[in-house]
Amino acid sequence: MRRQLGNRTIALGVLVLAVSLFAFAQKLPVPQRPATAEAIELFRSDITVAPDATMTVRETIRVRSAGISIRHGIFRDFPTQYRDHLGNRFVVGFQVVEVQRDGRPEPYTLETIANGVRVRIGAANVELPLGEYSYSLTYRANRQLGFFPDHDELYWNVTGNGWAFPIERAEAAVRLPSVIPRDALHLEAFTGPTGARGTDFMASVAGDGTVEFQSTRGLEANEGLTAVISWPKGYVTPPTFAQQFRYLLEDNRAVLIGFAGLALLLCYYFLVWSRVGRAPPAGAIVVRYEPPAGLSAAGMRYLARMGFDQKTFTVATLSLAVKRFLSIRNEGSSYTLVRNSGANPALAPEEQALALNLLNSSSQIELSQQNHAAVQAAIKATHESLKNSEEKIYFFTNGRYVIPGLIFSALVLIAALFSLPGQQSVISGFLCIWLTIWSAAVSAMIITVGRLWKQVLTSSSMQALTGSSTRGLSALGAGGLTMFALPFLGGEVFGIFMLLRFGSAWFVLLLAALVGINVWFHYLLKAPTLAGRGLLDQVEGFRRYFMAVERDPMQRLDGPEVTPELFDKLLPYALALDVEQAWSKRFAAALQRAGQSPTSYSPAWYSGPAWSSLGPTGFAGALGSSLTSATASASSAPGSSSGSDGGGSSGGGGGGGGGGGW
């Protein structure tokens, strides 16, 4: 009896202890399964390539859910937007045919992502129990094949490299349009993360011609399987040129809009040029030995160019010297203009304006940055005088017609930018604005550097004009500015590269074409009046006199004998027409015929070592170049100018993307 009671007591104690332990265990937190418990057990892709180069793909994705990431279903990302070697957008077709889960239709939604489409499978109001699920995604795609001169190819990222789960087994089956002999096929595959060239795969060809790929190891998260199959040409029909061109336009609407606008801009400018920019026909050209009556040297250059430049001011300054109104004193690289007391020659209006602003308050002025205000005022006054005396009388600039062209160009660029997808429009727009401003600054810097090096190269042949030490300093300054300009030029190249990356090569060409057309027609729309045409014919006759001189300086020409007085008188005109070298050679030949040494004559209006060192042949060109450079430097305020096969890998090819759970 006692033994039975003892046994019952022990049994009751064990029962109470078991119940207590169970209750305590219920209060303990349930340990979560590790994230690796969720995985893709099988990723199989069945790919059928049609004769017209389209593809039908059925992906079977068997997953194991632990309720961590896979709660409602999975999503599959599919890239559809690529770039070709020119940076053009390349958009492949993608159309979902069917989505299933465990053999039954499953709801899905399509979402746009940065470079393609996301297929979100499942419903937000349905949570999946823990377990295994087999998803099937069937879709059609096109423009995925590569057509090369000697073969065609499918380069296909089977799984994608963007999965957040490991893939325990990956395989693919590719069915080509017809059975292709095994020895005509080239099979290759890559495994691992993006860019890797792992070879953990097996490939085979079945009796029906189906090509099978299978990974020989599990793939970790963000690893994938990429397959490559190439075959002889003739089995798949490549797209025609018309189809490719249509694809290009469909994929790159910005290019279509931009170049349509470019064509309209050209039509506008052509119509405007036909109406106001056509120059009257030239008349009979007769060689002249004198400049047209009443036309000064600066006025001749302004008319011939239908615009003002620094050399126009130099020509006016030289004309004042030749007329003995002032003298040019040269010491090293420094130029000083000295007013000749008592001289009161007849001056052209622009020469009067120059003299009034440059030598009104002082009898002399050095062309240096210290006197930039006076030099700037003289340049402006000279320009205004020439504009008032010639513009709308002898020619029209027609600049007002360029303004609508600039506005339309900006609208074309804006329309093209807005047609770019996503953030490309914002980034490309910023780059276009930045490049336009930056390019203008870089161009000005390059022009300045070019002018400085031209001055250095010119000075190398005229030691007496600048002196060897000054020439060295000039070269040092030009070299310093060149080194300073290089980073800015590098910024220009970087900006173009970024525009190529976010826009395309066509977009860079569009921007350059818009700028180039507006600049070109800015000059092309300038047109002489009937009176201006007649005067230009006389100028051309005068130019031909110098051109004949250039062909044979020793030839005796009709007209007056070339004397020192005639050389001085016509030197500003020769400089205005950019034929000063020919005129200097002609004068040197005249002195030689007369048995005189070139150093037997020295211009009374010039004081410096250049004539004796260079003689008449080198003097005019050197003086014109260095005087123009000195004027340009003096017109800038100090500090106003800046001083400162075998190519494949995992993750490559079409297809790809990745996915995850949600």
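What counts and how
- Residues numbered from 1 in each chain as written.
- Predicted model: local features only at pLDDT ≥ 70, side-chain atom pairs only at ≥ 80, totals over all residues.
- Heavy atoms only, no water.
- Pairing = 2+ DSSP bridges.
- Helix = DSSP H or I, 4+ residues; strand = E, 2+ residues; numbered from the N terminus.
- Contact = heavy atoms within 4.5 Å.
- Axes fitted to C-alpha atoms, helices over the stretch in contact; angles between N-to-C directions.
- Buried < 20%, exposed > 50% of the residue type's maximum accessible area, 1.4 Å probe, protein only.
- Polar contact = N/O pair within 3.5 Å; in protein donor to acceptor, adjacent residues only side chain to side chain.
- Salt bridge = Lys/Arg side-chain N within 4 Å of Asp/Glu carboxyl O.
- Parallel < 35°, antiparallel > 145°, perpendicular 65-115°, else oblique.
- Left-handed = near helix turned anticlockwise from the far one by under 90°.
- Nonpolar A, V, L, I, M, F, W, Y, C, P; charged D, E, K, R; others polar.
- Phe/Tyr/Trp six-rings, centres within 6.5 Å; stacked < 30°, edge-to-face > 60°.
- Lys NZ or Arg CZ within 6 Å of the ring centre and 35° of its normal.
- Core = buried A, V, L, I, M, F, W, Y, C linked by side-chain atoms within 4.5 Å.
- Patch = residues over 30% accessible without salt bridge, like charges linked within 9 Å, V, L, I, M, F, W, Y side chains within 5 Å.
- Areas by Shrake-Rupley, 256 points an atom, 1.4 Å probe, with all protein chains shown as cover.

### Structural notes on the sheet that holds strand β20 (residues 334-339)
Alright, step 1. Ordered in space as β21-β20-β19-β24, the 4 strands form an open sheet in which the pairing is mixed. Each of the sheet's edge strands pairs with one partner strand only, and the pair in question is β21 (364-366) and β24 (606-607).
Alright, step 2. Pairing between β20 and β21: 3 bridges, direction antiparallel. If you follow Leu-337 over to β21, its bridge partner there is Ile-365.
Alright, step 3. In this fold helix α5 (residues 310-322) packs onto β19 (326-331) and β20, with an angle of close to 110 degrees to the strand it touches most, β19.

### Observations concerning helix α4 (residues 297-305)
Alright, step 1. The buried count for α4 comes to 7 of 9 residues, which makes it a mostly enclosed element.
Alright, step 2. Among the residues making up α4, those that are buried are Ala-297, Ala-298, Gly-299, Met-300, Arg-301, Tyr-302 and Leu-303.
Alright, step 3. By the N-cap criterion, in which a side-chain oxygen at the helix start approaches the backbone nitrogen of a residue two or three places on, α4 is capped by Ser-296, the distance to Gly-299 being 3.0 Å.
Alright, step 4. Backbone geometry just downstream of α4 places Met-306 in the positive-phi region, at approximately 50 degrees.

### A few points about the pattern of salt bridges
Alright, step 1. What the rule picks out here adds up to 28 salt bridges.
Alright, step 2. For the salt bridge of Asp-46 with Arg-175, the shortest nitrogen-to-oxygen distance reads 3.5 Å. Of this pair, Asp-46 sits in strand β1 (residues 39-49) while Arg-175 sits in strand β14 (residues 170-175); the two residues are 129 residues apart in sequence, bridging distant segments of the chain.
Alright, step 3. For Arg-175, a relative accessible area of 33% gives the class partly exposed.
Alright, step 4. Arg-71 is the partner of Glu-127 in a salt bridge, and the nearest nitrogen-oxygen pair spans 3.2 Å. Of this pair, Glu-127 sits in the loop between β9 (116-121) and β10 (131-141) while Arg-71 sits in the loop between β2 (55-65) and β3 (74-79), and the two are 56 residues apart along the sequence.
Alright, step 5. Glu-127 gets classed as exposed once you look at its relative accessible area, which sits at 51%.
Alright, step 6. The class of Arg-71 is partly exposed, set by a relative accessible area of 38%.
Alright, step 7. Connected through shared salt-bridge partners, Arg-44, Asp-46, Arg-169, Glu-171, Arg-175 and Glu-212 make up one network.

### Considering the packing of α4 against α5
Alright, step 1. Put simply, α4 and α5 touch, their axes get as near as 8 Å, and they point 160 degrees apart. By the angle class used here, α4 and α5 are roughly antiparallel. Along this stretch, α4 crosses α5, giving a crossing that reads as right-handed. Between α4, through Ala-297, Ala-298 and Arg-301, and α5, the contact on the second element is made entirely by Lys-311, Thr-312, Val-315 and Ala-316.
Alright, step 2. Tallied by class, residues from the contact of α4 with α5 come to 4 nonpolar, 1 polar and 2 charged.

### Focus on the sheet that holds strand β16 (residues 201-205)
Alright, step 1. Pairing is mixed across the open sheet formed by 8 strands, whose spatial order is β7-β6-β10-β2-β1-β14-β17-β16. One side of each edge strand has no neighbouring strand; the edge strands of this open sheet are β7 (104-105) and β16.
Alright, step 2. Alignment of β16 against strand β17 (residues 211-215), held across 5 bridges, turns out to be antiparallel. Counterpart to Phe-201 in the pairing with β17 is Ser-215.

### Observations concerning the packing of aromatic side chains
Alright, step 1. By the definition in use, this model includes 18 aromatic pairs.
Alright, step 2. Three or more aromatic residues joined by ring pairs make a cluster, and in this case those are Tyr-289, Phe-542, Tyr-545, Phe-546, Phe-567, Tyr-573 and Trp-583.
Alright, step 3. Arg-118 extends its terminal NZ or CZ atom over the ring of Phe-75, reaching a point 4.2 Å from the ring centre.
Alright, step 4. One residue, Arg-143, lies across the ring of Tyr-247, its end atom 4.1 Å from the ring centre.

### Notes on the nonpolar core
Alright, step 1. By size, the foremost hydrophobic cluster in this structure holds 55 residues, and its most contacted members are Ile-328, Leu-358, Phe-546 and Trp-583.
Alright, step 2. Top contributing element to this core by residue count: helix α14 (residues 564-576), with 8 residues.
Alright, step 3. When sequence neighbours within four positions are dropped, the list of residues in contact with Phe-546 reads Leu-570, Ala-574, Leu-577, Val-579, Ala-582 and Trp-583.

### Quick word on the environment of Arg-197
Alright, step 1. Note on placement: Arg-197 falls in the loop between β15 (186-192) and β16.
Alright, step 2. When the C-alpha atoms of Arg-197 and Thr-226 are compared, they prove to be 9.5 Å apart, with 29 residues separating the residues in sequence.

### Some details on the pairing of β2
Looking along a regular strand, one sees side chains alternate from face to face of the sheet.
Alright, step 1. A large share of β2 lies buried, amounting to 8 of its 11 residues.
Alright, step 2. Two strands pair when backbone bridges link them, and β1 and β2 are joined in this way by 10 bridges, in the antiparallel orientation. If you follow Leu-42 over to β2, its bridge partner there is Arg-62.
Alright, step 3. In this antiparallel pair of consecutive strands, β1 and β2, the connection spans 5 residues, and Ala-53 shows a positive phi of 80 degrees.
Alright, step 4. By the bridge criterion, 11 bridges tie β2 to β10 in an arrangement that is antiparallel. Of the residues in β10, the one forming a bridge with Arg-64 is Glu-132.

### With respect to the pairing of β10
Alright, step 1. As judged from the 7 bridges shared by strand β6 (residues 94-101) and β10, these two strands associate in the antiparallel manner. Of the residues in β10, the one forming a bridge with Phe-94 is Ala-141.

### Things to note about a nonpolar patch on the surface
Alright, step 1. On the surface, Ile-403, Ile-407, Leu-411, Ile-414 and Phe-418 cluster together into a nonpolar patch covering about 540 Å² of accessible area.
Alright, step 2. Locating Leu-411 in the fold gives a position in helix α8 (residues 402-418).

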